[in-house]
Amino acid sequence: MTIDRILKAASVIPVLEIATIDAAAPLAVALAAGGLRVVELTLRTGCALDAVGKMKNAAPDLIVGMGTVRSADDIAASRKAGADFIVSPGATPALLDALAASGVAALPGVATASEAMTAEEAGFKALKFFPAEAAGGIACLKSLAGPLPDLVFCPTGGISAERAPDYLALANVACVGGSWIATKAMIEGGDWDQIQMNARYAAGMKR
Ligand code: 3PG
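Scope of this entry: the structure provided in the associated data block. Since this is a predicted model, take the numbers as computed values, not measurements.

### A closer look at the overall build of the chain
Assigned secondary structure in the chain consists of 10 helices and 9 strands. Relative to the 2.2 N^0.38 estimate, which gives 17 Å for 207 residues, the radius of gyration of the chain is 16 Å and therefore close to what a compact globule would have. C-alpha extents for the chain along the principal axes are approximately 45 × 35 × 25 Å. Relative to its 207 residues, the chain shows a buried fraction of 50%. A separation of at least 24 residues holds for 61% of the contacts in the chain among residues at least 6 apart in sequence. Only carbon and sulfur atoms are counted for the fraction: they give 53% of the accessible area of the chain, which is about 9,000 Å². If the 17 positive side-chain charges of the chain are averaged to one point and the 20 negative ones to another, these points end up 5 Å apart.

### Examining the site of the ligand
Every residue lining the ligand is accounted for by Val 15, Arg 44, Lys 128, Phe 130, Thr 156, Gly 157, Gly 158, Gly 178 and Ser 179. Within the side chain of Arg 44, an N or O atom sits 2.3 Å from an oxygen atom of the ligand. Side-chain polar atom of Ser 179 to an oxygen atom of the ligand: 2.6 Å apart, as the coordinates give it. Calculation on the ligand without its partners gives an accessible area of 320 Å², and the protein chains cover 78% of this total. Each residue belonging to the shell around the ligand can be placed in one class, and the counts come to 2 nonpolar, 5 polar and 2 charged.

### Some remarks on the packing of helix H4 (residues 72-81) against helix H5 (residues 93-102)
Relative to each other, H4 and H5 sit at 30°, their axes nearing to 9 Å. Between H4, through Ala 72, Ile 75 and Arg 79, and H5, the contact on the second element is made entirely by Leu 95, Ala 98, Leu 99 and Ser 102.

### Notes on the pattern of salt bridges
Where side chains of opposite charge bring their charged atoms close, a pairing between them can arise. Per the counting criterion, the structure on display carries 7 salt bridges. Glu 17 serves as the salt-bridge partner of Lys 184, at 3.8 Å between the closest nitrogen and oxygen. You can see Lys 184 sitting in helix H9 (residues 184-188) and its partner Glu 17 sitting in the loop between strand E1 (12-16) and helix H2 (24-33), a full 167 residues away along the chain. Each of the salt bridges in this network shares a partner with another, and the network as a whole consists of Glu 17, Arg 44 and Lys 184.

### Thoughts on the packing of aromatic side chains
In this structure the tally under the stated criterion is 2 aromatic pairs. Measuring from centroid to centroid gives 6.3 Å for Phe 129 and Phe 153, while their planes differ by 75°, and the two rings are edge-to-face. With Phe 129 in strand E7 (residues 126-129) and Phe 153 in strand E8 (residues 152-155), the pair connects residues that are 24 residues apart, well separated along the chain. The pair formed by Phe 129 and Phe 153 is uniform in burial state, with each residue classed as buried. With a centroid separation of 6.5 Å and 75° between ring planes, the pair formed by Trp 180 and Tyr 201 is classed as edge-to-face. One end of the pair, Trp 180, is in the loop between strand E9 (176-178) and H9; the other, Tyr 201, is in helix H10 (residues 192-203), with 21 residues separating them in the sequence. On the basis of relative accessible area, Tyr 201 is assigned to the exposed category, the value being 52%.

Cut-offs applied
- Each chain carries its own residue numbering, running from 1 in the direction its sequence is written.
- For a predicted model such as this one, the threshold for reporting local features is a pLDDT of at least 70, and the threshold for listing and counting side-chain atom pairs is 80 or more; totals across whole chains, interfaces and linings nevertheless cover every residue.
- Water and hydrogen atoms were dropped before computing side-chain values, which therefore reflect all heavy atoms in the structure.
- Numbered from the N terminus, helices here are DSSP runs of H or I no shorter than four residues, and strands are runs of E no shorter than two.
- The size measure is the radius of gyration over C-alpha atoms, and the globule rule it meets is 2.2 Å times the number of residues to the 0.38 power.
- We call a residue buried when its accessible area falls under 20% of the maximum for its residue type, exposed when it is over 50%, and partly exposed in between, using a 1.4 Å probe and counting protein chains only.
- Whether two residues touch is decided by their heavy atoms; if any such pair falls within 4.5 Å, the residues are in contact.
- The Shrake-Rupley method, run with a 1.4 Å probe, gives the accessible areas here. Residue values count only the displayed protein chains as cover.
- Asp and Glu are treated as the negative residues and Lys and Arg as the positive ones, with His and the ends of the chain left uncounted.
- All charge positions are set by atom: Lys at NZ, Arg at CZ, Asp at CG, Glu at CD.
- Residue proximity to a molecule or strand is established when one non-hydrogen atom of the residue lies within 4 Å of it.
- Any N or O atom pair separated by 3.5 Å or less is treated as a polar contact, with the protein-specific requirement of one donor-capable and one acceptor-capable atom, and with residues adjacent in sequence counted only for side-chain atom pairs.
- All residues other than Ala, Val, Leu, Ile, Met, Phe, Trp, Tyr, Cys, Pro, Asp, Glu, Lys and Arg, Gly among them, are scored as polar; the first ten of these are nonpolar and the last four charged.
- Axes here refer to lines fitted to C-alpha atoms; in helices the fit is confined to the stretch in contact. Angles between the N-to-C directions go from 0 to 180 degrees.
- Salt bridge, as used here: a side-chain nitrogen of Lys or Arg that lies within 4 Å of a carboxyl oxygen of Asp or Glu.
- Stacked, edge-to-face and tilted labels apply to pairs of Phe, Tyr and Trp rings (six-membered ring for Trp) whose centres lie within 6.5 Å, assigned for plane angles under 30 degrees, over 60, and everything in between, in that order.

So, in structure tokens, the structure goes:
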């Protein structure tokens, strides 16, 4: 699966942190029932790798990416777990090399023009823009569009449901990511109805 195809399937990508494996299946079902096709599951908890398979079994059409990937070992473990694509918060030279060598669909994270150019040199034209709001948000993305017209961004970090449409209106934004669709508290509380409602709202947002 290419990153272009994945980005075509989603305007909004929920960023998920799953603390207990039991949450994986009902969470996947709620997000898919709300109409979302693509998720980023962060590699920040002990059960994150196991959760990939559980989510895909529960919602077979869901495209599950592994986020918070920081090393070549993380890439290998994520692929072994069945992740469809990789997302990183930043992009070190070693990580970019490992991503390029693996050939896996990926959104390397960048926050500046130099980082975006380094990622482009490594062969990546679709990038996570993180931490979006703290790194300059919409004004920064508008400024990057002129000198870097070939690149598209998936801004993530501090983006609320209210701000998401303004990001999606930018020509160089392919999709937005955020944890507001399924927060840690909602997941821990098993609030699947709320998550499905948020997913439906997010799925209605178009580029
Ligand atoms: C991420 O991991 O990409 C961000 O921490 C998600 O950001 P948010 O919680 O501010 O939406």
